[in-house]
Amino acid sequence: QVQLVESGGGMVQAGGSLRLSCAASGRPFSRYAMGWFRQAPGKEREFVAGITSWTGGQTAYGVSVKGRFTISRDNAKNTVYLQMNSLKPEDTAVYYCATSREGSTWDPFLPSEVPSEYGYWGQGTRVTISS
């Protein structure tokens, strides 16, 4: 059974930084792509960042976070990270970690930005940015 557990959320002031972590278990972590999505109240789930399997040679970012957020993975720790810098109030949301389905054809070429392409999700961690 695949499980994803996010941590690291909280409340910070605008301009600050946070690092989210997502610990995975239940299948060989390194073989699957990972992604971060977020959902603010009243809005659809939004792609934040993705990283391909194995060494994570390919990454992708949502337009609103590009240049401020960095996704990385540590296969030895079965963990994916999201470093968030220069945070803005509009980054306030619940952040979800997700991992690709078995047999995903887009991995390892480019991370998918489509939520339905990810088969397993964490419970989310809340991030609140105050102005």
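One numbering rule holds for all chains: residues counted from 1, following each sequence as written. Whole-chain, interface and lining totals are the exception, using all residues; otherwise, since this is a predicted model, local features are given only for residues with pLDDT of at least 70 and side-chain atom pairs are given and counted only at 80 or more. Only hydrogens and water are set aside; all other atoms, that is, all heavy atoms of the structure, feed into the side-chain values.

Overview of the packing of aromatic side chains
Consideration 1: Centres within 6.5 Å make a pair out of two Phe, Tyr or Trp rings, where for Trp the six-membered ring is used; the pair is then stacked when the planes are under 30 degrees apart, edge-to-face when over 60, and tilted otherwise. Evaluation of the coordinates by the stated rule reveals 5 aromatic pairs.
Consideration 2: Judged by centre distance (5.5 Å) and plane angle (75°), the rings of Phe37 and Phe47 are edge-to-face. Remark: Phe47 occurs in strand S5 (residues 46-51) and Phe37 occurs in strand S4 (residues 34-39); sequence separation between them is 10 residues. This pair shows no difference in class: Phe37 is buried, exactly as Phe47 is. In this description a helix means any DSSP run of H or I spanning at least four residues, a strand means any run of E spanning at least two, and both kinds are numbered starting from the N terminus. With a 1.4 Å probe rolled over the protein chains alone, any residue whose accessible area is under 20% of its type maximum counts as buried; one over 50% counts as exposed, and the rest are partly exposed.

Here we look at the pairing of strand S11 (residues 125-130)
Consideration 1: Judged by which residues are buried, S11 turns out to be one-sided: Thr125, Val127 and Ile129 face inward and are buried, whereas Arg126, Thr128 and Ser130, on the alternate face, are not.
Consideration 2: When DSSP finds two or more bridges between a pair of strands, those strands are recorded as paired. Both strand S2 (residues 10-13) and S11 contribute to a ladder of 4 bridges, which runs parallel. Residue pairing for S11: Gly10 is matched across the bridge by Val127.
Consideration 3: Bridging between strand S9 (residues 93-100) and S11 involves 3 bridges; their strand directions are antiparallel. Residue pairing across strands places Ala93 opposite Val127, the latter belonging to S11.

A closer look at the pattern of salt bridges
Side-chain pairing between opposite charges can occur once the charged atoms of the two side chains come close.
Consideration 1: Only one rule defines a salt bridge in this text: a Lys or Arg side-chain nitrogen within 4 Å of an Asp or Glu carboxyl oxygen. Under the definition given, this model contains 4 salt bridges.
Consideration 2: Across the salt bridge formed by Glu102 and Arg27, the nearest N and O atoms sit 2.8 Å from each other. Here the residue Glu102 occupies a position in the loop between S9 and strand S10 (118-121), and Arg27 occupies one in the loop between strand S3 (18-25) and S4, the gap between them amounting to 75 residues.
Consideration 3: Exposure remark for Arg27: the relative accessible area of 15% places this residue in the buried category.

A short note on the state of the cysteines
Consideration 1: Any two cysteine sulfur atoms lying within 2.5 Å of each other are counted as a disulfide. Scanning all chains against the criterion turns up 1 disulfide.
Consideration 2: With its sulfur 2.1 Å from that of its partner, Cys22 forms a disulfide with Cys97. Between Cys22 and Cys97 the sulfur-sulfur dihedral comes to about -75°; the bridge is accordingly left-handed. Remark: Cys97 occurs in strand S9 and Cys22 occurs in strand S3; sequence separation between them is 75 residues. Taken as a pair, Cys22 and Cys97 share a single burial class, namely buried.

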